[in-house]
Amino acid sequence: MRCSCRFAQFFIGPLFTASATEREVNAVNNENMRNEKVDRRRIYRIKKSTADPAHAWSKFGTGTPSPPRPLGTPSSQGSV
């Protein structure tokens, strides 16, 4: 029981500091920038974007540190 309580605390009160959070956001952004140039990942993004929006598979994979745009809003970086 004690172990499960300790494990639950990771989700109830995570110990992310501001610097750890910033490092994680940068790591996600770096992964996304690397994936943008890989054809296999482009095909994967097309499949995800055409999937049923109610299905879990269509949700977030990798991304940028900026908040997501509403659907139909043009990108400031152009098309991929």
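Residues numbered from 1 in each chain as written. Predicted model: local features only at pLDDT ≥ 70, side-chain atom pairs only at ≥ 80, totals over all residues. Heavy atoms only, no water.

K.L.:
Which parts of the structure should I look at to understand the overall build of the protein chain?
P.N.:
Looking only at helices and strands, one finds three helices and zero strands in the protein chain. Secondary structure elements in the protein chain, listed N-terminal to C-terminal, are α-α-α. Looking at the 80 residues of the protein chain, the share that counts as buried comes to 9%. The contacts in the protein chain between residues at least 6 apart in sequence include a share of 47% that link residues at least 24 apart. Summed over all atoms, the accessible surface of the protein chain reaches about 7,300 Å², with 61% contributed by carbon and sulfur. (Helix = DSSP H or I, 4+ residues; strand = E, 2+ residues; numbered from the N terminus. Buried < 20%, exposed > 50% of the residue type's maximum accessible area, 1.4 Å probe, protein only. Contact = heavy atoms within 4.5 Å. Areas by Shrake-Rupley, 256 points an atom, 1.4 Å probe, with all protein chains shown as cover.)

K.L.:
I would appreciate a short explanation of a nonpolar patch on the surface in the present structure.
P.N.:
A contiguous nonpolar surface patch, about 400 Å² in accessible area, is contributed by F7, F10 and F11. Its place among the elements puts F11 in helix α1 (residues 2-12). According to the relative accessible area criterion, F11 is exposed, its value standing at 62%. (Patch = residues over 30% accessible without salt bridge, like charges linked within 9 Å, V, L, I, M, F, W, Y side chains within 5 Å. Salt bridge = Lys/Arg side-chain N within 4 Å of Asp/Glu carboxyl O.)

K.L.:
Even after reading the chapter, I still don't get the environment of T17, so can you show me in this structure?
P.N.:
Relative to the elements of secondary structure, T17 occurs in the loop between α1 and α2 (18-35). Assessed through its relative accessible area of 44%, T17 is described here as partly exposed. Here S19 takes part through its side chain, which lies 3.2 Å from a polar atom of the side chain of T17. (Polar contact = N/O pair within 3.5 Å; in protein donor to acceptor, adjacent residues only side chain to side chain.)

K.L.:
Looking at this structure, I do not really get the environment of K48. What am I missing?
P.N.:
Along the chain, K48 turns up in helix α3 (residues 39-49). With a relative accessible area of 12%, K48 lands in the buried category. Separated by eleven residues in the primary sequence, K48 and K59 place their C-alpha atoms 7.7 Å from one another.

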